[in-house]
Amino acid sequence: FFFQAEDGIRDFCLSRGLGDVYKRQLLEVLDPSQNNSFVDHYLSVPFDLSKVVFIATANKLETIQPALLDRLEVITIPGYTFNEKFDIARRYLVPKAINENGLPPNSIEVTTEALSSTINNYTREAGVRELGRVISTICRKVAVRYSEHLSSKSQQPFETVHVTNEILHEYLGPAAYEFDVRERIVHPGVSTGLAWTSAGGKILYVETSISRGKGKIEITGQLGEVMKESVLTAIGWIKSNFENLGISNDLLTLPNQDPSNFFDSVDIHIHFPSAAIPKDGPSAGVTITTALVTDKLPFLILTRFHC
């Protein structure tokens, strides 16, 4: 039995508002100690499902109930790298889209730069499903021009459309995803970390703000318990190393303030952008500490990656 969908087993459990009912049924079906006499509640007839192999797909394990996940054997299939996506698009997706949209084989030529931009700036996924849809969008735009050419009954052959970055922007609009690491980390109080995602990974920003207040600590960005503990650990480390970090009243513009009581006189706001996406995991303490420290120190910490 095969659960096939965009996010198969998750969609099955959440469909039609009967998630809890389906979860209980799946637990019974997948449990080796019970599925040899599974009773269908519609027919009331017992079935032996002990020799049935159930195959399910899921984009994220975090959305699957732990009790259900415990009864599954997880086979992780890694996502495609950029080079693999590029070759798949060049060899298969572009010719397929051209054929499906009724275009001659040589009617479109996608430049290397445009194809790279399509992968990096208009899609963000582990597979190539969305990439295929974006390429089909480009082909439909060209198909309109091709149809107009046929309607004009011109004797001239249809000229090949060379899809460049300029044409890409005209057909697809502004980039959906941008790499703005260097532009954002030049501001104090912002640091970068790495986050795992179903698309392979992404840059995670941490933005902090320290202002006068009464010692309030506010954390936003839909963080899990582990990352909240990382925030508290980072603040605790800064408190214990307060004097060694070079933070003084002159920098904070808090006259006549005892440095030992500094955190009682300021409010700290730590924000993780993309607040609609849940975030959790270890190893965020250094990133959070860097963002907090650079918010008030008179120098910037710029991160650079060397291969």
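My aim in this report is to walk through the structure given alongside it, one point at a time. (Residues numbered from 1 in each chain as written. Predicted model: local features only at pLDDT ≥ 70, side-chain atom pairs only at ≥ 80, totals over all residues. Heavy atoms only, no water.)

A few points about the packing of aromatic side chains
- Under the definition given, this model contains two aromatic pairs.
- With centroids separated by 5.1 Å and ring planes inclined at 85 degrees, the aromatic side chains of Tyr146 and Phe158 adopt a geometry described as edge-to-face. Of this pair, Tyr146 sits in helix α6 (residues 129-151) while Phe158 is found in the loop between α6 and β6 (161-163), placing the two residues twelve residues apart along the sequence. (Phe/Tyr/Trp six-rings, centres within 6.5 Å; stacked < 30°, edge-to-face > 60°. Helix = DSSP H or I, 4+ residues; strand = E, 2+ residues; numbered from the N terminus.)

A word on helix α7 (residues 165-172)
- When we look at burial in α7, the residues that qualify are Ile167, Leu168 and Tyr171. Along the long axis of α7, the arc covered by the buried residues comes to 105 degrees, so they all point the same way. Seen from the open side of α7, the exposed residues pointing more than 90 degrees away from its buried face are Glu166 and Glu170.
- Its buried side turned inward, α7 meets α5 (112-121), α6 and β6. (Buried < 20%, exposed > 50% of the residue type's maximum accessible area, 1.4 Å probe, protein only. Arc of directions from axis to C-beta. Contact = heavy atoms within 4.5 Å.)

Structural notes on the pattern of salt bridges
- In total, this model carries two salt bridges according to the counting rule given.
- Residue Arg71 pairs with Asp31 through a salt bridge whose shortest N-O separation is 3.5 Å. Here Arg71 is found in the loop between α3 (66-69) and α4 (82-100), whereas its partner Asp31 is found in the loop between α2 (19-30) and β2 (38-39), with 40 residues between them in sequence.
- Residue classification places Asp31 among the buried residues on the basis of a relative accessible area of 11%.
- Linking Glu130 and Arg133 is a salt bridge whose minimum nitrogen-to-oxygen distance equals 2.8 Å. (Salt bridge = Lys/Arg side-chain N within 4 Å of Asp/Glu carboxyl O.)

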